[in-house]
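# Structure assessment
One-letter residues, chain by chain:
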Amino acid sequence: MRAVAEAAVQVLSAQVAAYRDDPAAEMAAMWRTTGEQGWHLLAVPETAGGMGGDLADLAAVVRAVSAAGLSAPLPELHAGLFGMLAAGLDPAAALDGRIGVALPRGAEIAVPWGRHLDAAVLAGTTLPCADLRPAVNLAHEPVDTLAGAAAGTTPDPVVNRWRILHAARLVGAAEGAARRTAAYAATREQFGRPIARFQAVAALVAEAHAQAVLAAAALDAALVAADDDPVTVPAGLATAARAAGVVARCAHQVHGAIGVTRELGLERLTRRLWAWRDLPTEHELEAGIGRAVRAGGEPLAWSAGPEFDVGSSG
Amino acid sequence: MSAAALRAEVRAQLDEWRAAGIFTPRSDSWLVGYDEDFSRRLGARGWIGLTWSPEYGGHGRGFVDRFVLTEELLRAGAPVAAHWIADRQIGPAIARLGTGALRRELLPAIAAGEARFCLGMSEPDAGSDLASVRTRARRVDGGWLLAGQKVWSSNAHRATHAYVLARTSDGERRHDGLSEFVLDVTAPGVTVRRIPDLRGPGHFCEIFLDDAFVPDAWVLGGIGAGWAQVTEQLAFERGGPERVLSTYPLLRRLLDTAAGPVGRVGELVARLVALRRLAWQVAVRMDAGEAPVAAAATLKLLGNRFEVDVIEAARETLPSDEDLRAALDDAVLAAPGFSLRGGTTEVLSVVVGREAMREAR
Ligand SMILES: Cc1cc2nc3c(=O)[nH]c(=O)nc-3n(C[C@H](O)[C@H](O)[C@H](O)COP(=O)(O)OP(=O)(O)OC[C@H]3O[C@@H](n4cnc5c(N)ncnc54)[C@H](O)[C@@H]3O)c2cc1C
């Protein structure tokens, strides 16, 4: 999977360079390239027209792409295809990369990359992506909306799929930002020595690293959870979203003024951290977990145990 | 038996023992829940020394299995302090580095819950800066004489044995010349004095060593190799679920009573899931033969924060109930120790920062 991830980063980065001052055009190119390359088919059975990898393989690609500060609609396209297959609907359009996911939110339904889609999967059916209200997030990615609320109460496997890959997105960007921060602290000199030698700075580097490690562990747990899991999957995304804010803060603090310039490119990572942690926010997810645990009690909270995979392999 | 089956078995047994009044759950039970009979019970069930060889009273299982076992013990708030140090780090150190005689003599006794260890690392002038220990070991016929003073040795007054880090020579660098010893605390020249802490006459002790004898066979690993060895031991000392779950019994009550704002509770549960997975990852790496020192430091840094945040969540909801109030107070008084013992937060932060820099190169 390393090879696919490296190729994805390379192909997408090459595109970005052409659109330096036109984020809308950059996003359109990211959409096109992702669809053409078909990376979202990675974690789909070969019998269904996919490439037979598993979700962890695709998550690794998503993580590498976002660690490089790049956008790609992989979580949406994968979850859309997964939803079509799960609901027994014709996956043809999904295989072509024209079906995404719909995420109910208050009085609206958010459809990431909606303007490029034919339809979005919601609770076992599809919503046509017409009459969208166009919007973009902080990272300039399209997150269009549809009118109408359809709050699902039970854990939805399609939404869970998307959440896992969206968490992978956040983990990648957090890792990328934490790594840049450590590297910068080790080389930038003030008062005649690398700033990493100042313990207050080293603590910021440590915090960013620790949060990225924690988010990665949360993703790791979500990847082995059941499809309809009510705790571990939202916990994975909530932890990644929470880590995102901390990593972005530490990264900018350590980088000083150069960090807030476009020139340095740190903002490609932090903008994404801020954008992605907002749909949904950790607060929304945590409230959902809190409600689930209130109903299921301590045994439910504890059963979100760390070794599902070991347990099942006997 | 799978890890999941072991988990179920441990859980059922603990439920039964708890219902029978054999133990009462409490926070920080791995430090202050000292019950020799309970340790013997666990020993009889085969739940001490899980990872070492059956040849030495162990059970030849992996660190993931031990992780599962310890998670369930901590979840139940079971009194495991009497065997914790030996089971967690000194037993494994003896298994890896000890002489045949030491292994044969001590490992089965630890596994039975009969040999109980305390840690003699810290000294009055050697806290975070452990390499500055001044306790000396002097070569004599057939062994070594230890002289010096150890402090903060938890539960030394009821231990049968102590692990002691001491200086055997003055090397060029301060990390040279350190060695590890296993000491019989009933040996002549060993005096243990208790130090009351803010919870009363608790676990803290100091150990005075006045030419206490340690036979050659009780030296751990190489003479002069102590620093590298103790550094590896830190993965075992810092990388377990007890660095996350010290206040879990309090959280359990909070979850059982369905109290607390849903967002706050949800945040804690989300973080719990992530931290438990991180601890599991450390165990998986130990099974692969690694000593994941930096990952263990990261776990402890984040886990200690969680342990204290559980208390804050409980403060928000519990104080009206008298019984819960007592559990909360108990945790409040334990909390200052969480981020000191086993390496302070500040020191761990340095370790984690260095690791981040190393990975970024
Ligand atoms: C509950 C409990 C149980 C314990 N059990 C044992 C035991 O069984 N056996 C044993 O040997 N020891 C034990 N200890 C001792 C423990 O290992 C030490 O407390 C710890 O290593 C810190 O040392 P110190 O207390 O001397 O503090 P110091 O090292 O003096 O630290 C004081 C403060 O200075 C900070 N500091 C020190 N050095 C640095 C640095 N380089 N950079 C940044 N900040 C720094 C620390 O973080 C801390 O905030 C126990 C401690 C506690 C609290």
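Residues numbered from 1 in each chain as written. Chains lettered and ligands numbered in written order. Predicted model: local features only at pLDDT ≥ 70, side-chain atom pairs only at ≥ 80, totals over all residues. Heavy atoms only, no water.

For the rest of this paragraph, the subject is the UniProt feature "domain: Acyl-CoA dehydrogenase/oxidase N-terminal" (unreviewed entry) in chain B. Sites flagged by UniProt as "domain: Acyl-CoA dehydrogenase/oxidase N-terminal" (unreviewed entry) map to residues 33–114 of chain B. Spanning residues 33–114 of chain B, this segment combines 62% helix with 0% strand, and its end C-alpha atoms are found 16 Å apart. (UniProt positions renumbered as here; feature names shortened; annotations may be inferred. Helix = DSSP H or I, 4+ residues; strand = E, 2+ residues; numbered from the N terminus.)

Okay, the domain arrangement of chain B next. Residue and element names in this part refer to chain B. Domain annotation of chain B identifies domain 1 (3–115), domain 2 (118–222) and domain 3 (238–356). The C-alpha-based centres of domain 1 and domain 2 are spaced at 24 Å. On the domain 2 side, the residues contacting the 22 residues of domain 1 number 18 residues. Between domain 1 and domain 2, the buried area comes to about 1,500 Å², and carbon and sulfur atoms account for 67% of it. Among the residues of domain 1 in contact with domain 2, L31, Y34 and L102 are the three that bury the most area, contributing 33% of the side total. (Domains from an automatic or database assignment. Contact = heavy atoms within 4.5 Å. Buried area = accessible area lost by both parts, 1.4 Å probe.)

On to the pattern of salt bridges. Residues and elements named next belong to chain A. Within the structure shown, the criterion is met by 50 salt bridges over all chains. Between D118 and R98 there is a salt bridge, with the nearest N and O atoms lying 2.2 Å from each other. With D118 in the loop between strand 3 (108–112) and strand 4 (119–122) and R98 in the loop between helix 5 (92–95) and strand 1 (99–101), this pair connects stretches of sequence that are 20 residues apart. Look at R98 and you get partly exposed, because its relative accessible area is 31%. (Salt bridge = Lys/Arg side-chain N within 4 Å of Asp/Glu carboxyl O. Buried < 20%, exposed > 50% of the residue type's maximum accessible area, 1.4 Å probe, protein only.)

To continue, consider the UniProt feature "domain: Acyl-CoA oxidase/dehydrogenase middle" (unreviewed entry) in chain B. UniProt tags residues 118–211 of chain B as "domain: Acyl-CoA oxidase/dehydrogenase middle" (unreviewed entry). A distance of 19 Å separates the end C-alpha atoms of residues 118–211 of chain B, which is 0% helix and 46% strand.

Our focus in this paragraph is the sheet that holds strand 5 (residues 125–128) of chain A. All names here are of chain A. One open sheet accounts for three strands, arranged 1-4-5; its pairing is mixed. Each edge of the sheet is formed by a strand with only one pairing partner; in this case those strands are strand 1 and strand 5. Recorded for the sheet is a direction-independent mean angle of 40 degrees between the axes of neighbouring strands. Inspection of the sheet shows strand 4 paired to strand 5 by four bridges, in the antiparallel sense. (Pairing = 2+ DSSP bridges. Axes fitted to C-alpha atoms, helices over the stretch in contact; angles between N-to-C directions.)

On to the interface of chain B and chain A, then. Taken residue by residue, the interface counts 46 residues in chain B and 48 residues in chain A. The contact between chain B and chain A buries some 3,800 Å² in all, and 68% of this surface belongs to carbon and sulfur atoms. Looking at the side of chain B facing chain A, the largest losses of area belong to B:V262, B:R277 and B:M357, adding up to 17% of the total buried there. Across the chain B-chain A interface, the total number found is four salt bridges.

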